[in-house]
Amino acid sequence: MHGLKLVERFKSTQVHAFSPSDATTGKAPSSGTRGKFINHKIKPFSKSKPSNWVSVSETLLPYGLPTTELLEPSIDPNLKPIHFVRTLAELYRRFQICSQSEKSMLCIEQYSLLRSLGDSKLLRRCLRAARQYAGDVHSKVVLSAWLRIERREDELVGVSAMDCSGHILECPKAVLVSGYGLNSSIYEYCQCKKDNPEVIDSPMLIGNECLGLDDEDSDVSFCIGDEEIKCVRYRIAVLSQAFNVMLFGSFLESKLERIDFSQIGISVEGMRAVDLYSRIRRLDIFSPEIVLELLSFANRFCCEELKSACDAHLASLVSTIEEALVLIEYGLEETANLVVASCLQVILRELPSSLYNWKLMKYFCSSEGRERLARVGHASFLLYYFLSQVAMEESMVSNTTVMLLERLGECATEKWQKALGLHQLGCVLLERKEYKDAQCCFEAAAVAGHVYSTAGVARARHKQGHQYSAYKLMSSLISEYKPVGWMYQERSFYNIGKEKILDLKIATELDPTLLFPYKYRAVAKVEEKQIRAAILEIDKIIGFKLSADCLELRAWFFLAVEDYESALRDIRVLLTLEPSYMMFHGKVTGDYLIGLLNHRVQQWSQADCWMQLYQRWSCIDDIGSLAIIHQMLVNDPGKSLLRFRQSLLLLRLNCQKAAMRSLRLARNHSSSEHEMLVYEGWILYDTGHREEALSRAEKSILLQRSFEAFFLKAYILADTSLDPESSCYVVQILKEALKCPSDGLRKGQALNNLGSIYVDCGKLDLAADCYMNALDIKHTRAHQGLARVYHQKNQRQPAYDEMTKLIEKAQNNASAYEKRSEYCDQEMAKNDLDTATQWDPLRTYPYRYRAAVLMDDQKETEAVEELTKAIAFKPDLQMLHLRAAFYESMGNLTSALQDCQAALCLDPDHKETLDLYNRAQD
């Protein structure tokens, strides 16, 4: 009966919401909107004013406010295993027992599983491991290019695609050499920049004569037209078995001194080159055109040594897209594996720009092109996985993306590969509004074992008008499996009334990181004329997970209540995250809205902006600080110092992609070499190249002593377990930094870091002085360091009071509540940690603390459950390790082993987990 009632209710529910793109000429969305797919989308807005419309200028809100019926959660294009921990553990077990040749692709499988977590460092580590375990040239070429684009080196001014970074894993020359490099570190430097090739005397071709070559009796001639090329019979014979049989076998040519080669298809110059090669085994004296002739000749007469030499020589000549376009065709025709590899390397290292060169893409996008590449060993799942990921980031709806994903599916051999290819193709087709084909892809992915693709099936059915069918499908999924947040989120999209709200509530409880529930509840409050309540609701998610679409939504709310300063702040931060973002569903640029709002707010000079930045930075208002910096960059776009500050704030807000973009822009706009070296050092440090980053800092100091160079050096050196001698060295470096000119914002950070080292060394009074000096220049975070000093002196109440001051001053204070919990009794600590979780559910310490308390109270089941509910949406290494320890103490060694394996999949070198894993195995 309940089901029948739902059917009736669904009949009266609007299924096909109005979409502006349906009413337009059908043009594809601009690339500026592509970021909306990954995050939850705010779909089109009705141009008619709703009954609850707040009086706002038509100029500022030409499309009105969003309504709940037009909100839609996204389908994540990444793999989302239903049993994530179990899947990671299984992957770790397989890696331990697999053959050497299988390890590289297992690392790629791990990469595909971890993409949904969004941790760039984890993903980079997977790619590096995959490259380290790669033995064939093709895999090396693809993975080295993949590592390069992960760092977006294409955005660095003055860096060529074929430049060597200095690391062997990414060296363009090293990747063209087959074989494993397992004995070398992933950070080992290559030799290409150190090599000084010896000068070797080479024979010279002048006309028909070869100078510098010892005379040798010629005993056979090859005639081409009227020309006669004299050769040494036995030297030609050793080029191949075919020539050996021809010249020394029972064939007529073995008795001739003049052999007619006019119909063979080689030129006179080419045949002379054959003769010369047969004598000196060198190709570097010939032009590329002649070497191409030799390659064709070698194929015709099965001269394997000559073919390999030609292949390697031509491969060494490819350095530009134009050269790759010419030589890849020759390589495919002549099955020259290394030539194709070299051309492929140039094309891949020029991504994403090479995606827009159809002359290149024809080799990858069509089935025929893929088959041609396969014949020379250069069509693989790995290649098309890389290409399709780059294409999806560029445009979710382009024909190129669709074709690359189709080829990806053709290359898939394992279940996870098929599931990934089909699921991602389904996501793209869904975005292109090809719902029937999308449904077929999602269904096939689900059959391949990817349960999450069922959400795609439901969405595609809904788009075709079958809302109740979609609802039943998601309900059956919830009944069949242990529910997770995305299941309830997806079902809520097809549900109505109180049951919809209940589904959203459960979705948030199971996974508080899902954006759609917050957005829906916020817009629902707007429809009830509770805009302030709507702002509070969307604040909950923005407080710990910054995204462009949530900022966009909050900006609309502020516009609705005519709080133009707050709206302007959010739009500026939104454009900091995604500079090409289009508001009002791709209808209005953010810059245009900023121009309109500037007439409604007080204008600040650059000096005013510095004062405002200092104030917001001091009260840890990171979003406000980002908005001020965005405004300052409009007036001075080439200010690298501002770009650097911007990157620091973005890293604080866990916006790694945007932070690295700002850091690259800081480097590109550097006004001096010493400044550029500092920013390059930070880029290298943030991408795991610690030693090279330190080298950049030291080079910068040699050029000019500066605060930032000394600070970078100290920061890198302090990022290890410091012994007393090393600590003293870092202290001296920070003191040198403080002697250099800088502003209070950065000097406060240096004083804070200096105080931290003093605490580690037990010099508490010196540490307290540093923190007090930092507080004097408004470095508010120094309260936390000072609290630590009091705690070390067994003064818990002053430590607690110090953290309370930080909480009162800071706008973003989840970490402050967490830290204050260390300086109070258990009940107060629990309250502080509950508050910290409420502010930021992604912080893991509160879950671990509560679980440990429960374990101490011998509530083992509740302790495990406390960790399990957090691991469900944040599979963190520390939480997995702690749960494994709990399982071990409970005697559940099977579960302990599984958690250890999953944790080691995230970090195979984590010592405590390795020790626990070994104990559990004994």
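Cut-offs applied
Residues numbered from 1 in each chain as written. Predicted model: local features only at pLDDT ≥ 70, side-chain atom pairs only at ≥ 80, totals over all residues. Heavy atoms only, no water. Helix = DSSP H or I, 4+ residues; strand = E, 2+ residues; numbered from the N terminus. Buried < 20%, exposed > 50% of the residue type's maximum accessible area, 1.4 Å probe, protein only. Contact = heavy atoms within 4.5 Å. Areas by Shrake-Rupley, 256 points an atom, 1.4 Å probe, with all protein chains shown as cover. Axes fitted to C-alpha atoms, helices over the stretch in contact; angles between N-to-C directions. Parallel < 35°, antiparallel > 145°, perpendicular 65-115°, else oblique. Nonpolar A, V, L, I, M, F, W, Y, C, P; charged D, E, K, R; others polar. Core = buried A, V, L, I, M, F, W, Y, C linked by side-chain atoms within 4.5 Å. Salt bridge = Lys/Arg side-chain N within 4 Å of Asp/Glu carboxyl O. pLDDT = per-residue confidence, 0-100. Pairing = 2+ DSSP bridges. Phe/Tyr/Trp six-rings, centres within 6.5 Å; stacked < 30°, edge-to-face > 60°. Lys NZ or Arg CZ within 6 Å of the ring centre and 35° of its normal. Patch = residues over 30% accessible without salt bridge, like charges linked within 9 Å, V, L, I, M, F, W, Y side chains within 5 Å. Expected span 1.5 Å × (residues − 1).

### Notes on the overall build of the protein chain
- On a plain count of helices and strands, the protein chain comes out with 49 helices and eight strands.
- Here the protein chain holds 922 residues, and 55% of them are scored as buried.
- Partitioning the contacts of the protein chain with sequence separation of at least 6, the portion at a separation of at least 24 is 62%.
- Carbon and sulfur atoms form 50% of the exposed surface of the protein chain, whose accessible area is close to 40,600 Å².

### What to know about the packing of helix α7 (residues 137-150) against helix α14 (residues 337-349)
- Contact geometry for α7 and α14: axes closest at 9 Å, N-to-C directions at 10°. Classified by the angle their axes make, α7 and α14 are roughly parallel. Residues Val137, His138, Val141, Val142, Ser144, Ala145 and Arg148 of α7 pack against Leu338, Ala341, Leu344, Gln345, Leu348 and Arg349 of α14.
- Each residue belonging to the contact of α7 with α14 can be placed in one class, and the counts come to eight nonpolar, three polar and two charged.

### Concerning the nonpolar core
- One finds Trp146, Phe261, Leu348 and Phe364 to be the most contacted residues of the largest nonpolar core, which totals 172 residues.
- Here this core gets ten residues from one element, more than from any other, and that element is helix α17 (residues 381-394).
- Ala522, Ala534, Leu577 and Ala659 belong to the second largest nonpolar core, which has 67 residues in total.

### Here's the deal with the pattern of salt bridges
- For the structure shown, the criterion picks out 48 salt bridges.
- The salt bridge partner of Lys830 is Asp834, with a shortest N-O separation of 3.0 Å. Of the two residues, Lys830 and Asp834 are both situated in helix α44 (residues 826-839); the distance of four residues between them amounts to about one turn of the helix.
- Lys830 gets classed as partly exposed once you look at its relative accessible area, which sits at 38%.
- A salt bridge links Glu888 to Arg919; the shortest N-O distance between them is 3.1 Å. Of this pair, Glu888 sits in helix α47 (residues 877-890) while Arg919 sits in helix α49 (residues 911-921), placing them 31 residues apart in sequence.
- Overall, the relative accessible area of 24% leaves Glu888 in the partly exposed class.
- Given the relative accessible area of 46%, Arg919 is considered partly exposed.

### Describing the confidence of the model for the protein chain
- With 89% of its residues at a pLDDT of 70 or more, the protein chain has an overall mean of 88.
- A low-confidence stretch, residues 1-57 (pLDDT under 50), is modelled with 125 contacts involving residues beyond four sequence positions or located in other chains.
- Predicted confidence for residues 196-201 stays below pLDDT 50, and this span has two contacts to residues more than four positions away or in other chains.

### Digging into the sheet that holds strand β7 (residues 258-260)
- Pairing is mixed across the open sheet formed by three strands, whose spatial order is β6-β5-β7. Looking at strand neighbours, the two that pair on one side only are β6 (227-231) and β7, the edges of this open sheet. Each adjacent strand pair in this sheet contributes to an overall mean axis angle of 30°, direction not counted.
- Bridge analysis of strand β5 (residues 220-224) against β6 gives five bridges, and the strand direction is antiparallel. When the bridges of β6 are listed, Ile224 appears paired with Glu227.
- This element, helix α10 (residues 268-280), spans β5 and β6 of the sheet and lies at about 5° to β6.

### Things to note about the packing of aromatic side chains
- Across all of its chains, the model carries 28 aromatic pairs by this definition.
- Members of the aromatic cluster, connected to one another through ring pairs, are Phe644, Tyr679, Trp682, Tyr685, Phe707, Phe711 and Tyr715.
- Taking the ring centre of Phe95 as reference, the NZ or CZ of Lys103 above it sits at 5.1 Å.

### What about a nonpolar patch on the surface?
- There is a patch of nonpolar side chains on the surface, built from Tyr234, Val238 and Phe248 and spanning about 320 Å² of accessible area.
- Topologically, Val238 is positioned in the loop between α8 (233-237) and α9 (241-248).
- By relative accessible area, which is 51% here, Val238 ends up exposed.

### Some details on α7
- For α7, spanning 14 residues, the distance from its first C-alpha to its last is 20 Å, which sits close to the expected 20 Å at 1.5 Å a residue.
- With 13 of 14 residues buried, α7 lies mostly within the body of the structure.
- Directly beyond the C-terminal end of α7, a positive phi value near 50° is found at Arg152.

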